[in-house]
Amino acid sequence: MIRAFLAVVILMSACLASPARAQDAAAPFDGDLQRLAEILGALHYLRGICGSNEGAKWRNEMQALIDAETPSGDRRARMIAGFNRGYNGFQQTYRSCTPAATVAIRRYIEEGSKISRDLTARYAN
């Protein structure tokens, strides 16, 4: 399931990659990208405390999303803030892996996969 999520994130990143927009105006899918960034931040923290030994995998996925989308200014700041919000929110709540953390991981992977599929289906060329 995690591999499917990663594949969809990478596919979505490639499909959403586009030349820089004039004045980097908000895109219609920015809300979804910000939510996806928040999910990636949460997974980066939660998978780390649950002993997945993935290192910076989820942070690297976030970087790949930013690299593909190439946002600047406020759009970039909002995406990064979403990632940090996801990470910090769970860092303040969980100090070790618990059954609730495991459930959260599963739900975030499912939600992130759905967002990725929806974005790809709607905006891919």
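Model, not experiment: these values are computed from the prediction.

Regarding the packing of aromatic side chains
Now for step 1: According to the stated counting rule, one finds four aromatic pairs in the structure shown.
Now for step 2: Aromatic pair Tyr-45 and Tyr-87: ring centres 5.2 Å apart, planes at 80 degrees, arrangement edge-to-face. Taken together, the residues Tyr-45 in helix α2 (residues 30-49) and Tyr-87 in helix α4 (residues 73-91) connect sequence positions 42 residues apart.
Now for step 3: Residue class for Tyr-87 comes out partly exposed when judged on its relative accessible area of 24%.
Now for step 4: Taking the centre distance of 5.6 Å and the plane angle of 90 degrees together, the rings of Phe-90 and Tyr-108 count as edge-to-face.

As for unusual backbone geometry
Now for step 1: Positioned with a positive phi, Asn-53 is a non-glycine residue whose angle comes to about 55 degrees.
Now for step 2: In this fold, Asn-53 is placed in the loop between α2 and α3 (57-69).
Now for step 3: Residue classification places Asn-53 among the exposed residues on the basis of a relative accessible area of 78%.
Now for step 4: Unlike most non-glycine residues, Thr-70 shows phi in positive territory, near 45 degrees.
Now for step 5: Its place among the elements puts Thr-70 in the loop between α3 and α4.
Now for step 6: Given a relative accessible area of 39%, Thr-70 falls into the partly exposed group.

Here we look at the nonpolar core
Now for step 1: Membership of the largest hydrophobic core comes to 26 residues, with the highest contact counts inside it found for Leu-43, Leu-46, Met-62, Phe-90 and Tyr-108.
Now for step 2: Within the residue set of this core, elements represented by two or more residues are α2, α3, α4 and α5 (99-123).
Now for step 3: A per-element tally of this core places α2 first, with nine residues.
Now for step 4: Apart from the residues within four sequence positions on either side, Tyr-108 is in contact with Arg-35, Ile-39, Ala-42, Leu-43, Leu-46 and Phe-90.

Points about the packing of α2 against α5
Now for step 1: Running from N to C, α2 and α5 cross one another at 150 degrees; their axes reach a closest spacing of 9 Å. The angle between α2 and α5 falls in the class roughly antiparallel. Here the hand of the crossing between α2 and α5 comes out left-handed. Listed contacts from α5 to Asp-32, Leu-33, Arg-35, Leu-36, Ile-39, Ala-42, Leu-43, Leu-46 and Arg-47 of α2 are Ala-101, Ala-104, Ile-105, Tyr-108, Ile-109, Glu-111, Gly-112, Ile-115, Ser-116 and Leu-119.

Rules used throughout
- Residues numbered from 1 in each chain as written.
- Predicted model: local features only at pLDDT ≥ 70, side-chain atom pairs only at ≥ 80, totals over all residues.
- Heavy atoms only, no water.
- Phe/Tyr/Trp six-rings, centres within 6.5 Å; stacked < 30°, edge-to-face > 60°.
- Helix = DSSP H or I, 4+ residues; strand = E, 2+ residues; numbered from the N terminus.
- Buried < 20%, exposed > 50% of the residue type's maximum accessible area, 1.4 Å probe, protein only.
- Core = buried A, V, L, I, M, F, W, Y, C linked by side-chain atoms within 4.5 Å.
- Contact = heavy atoms within 4.5 Å.
- Axes fitted to C-alpha atoms, helices over the stretch in contact; angles between N-to-C directions.
- Parallel < 35°, antiparallel > 145°, perpendicular 65-115°, else oblique.
- Left-handed = near helix turned anticlockwise from the far one by under 90°.

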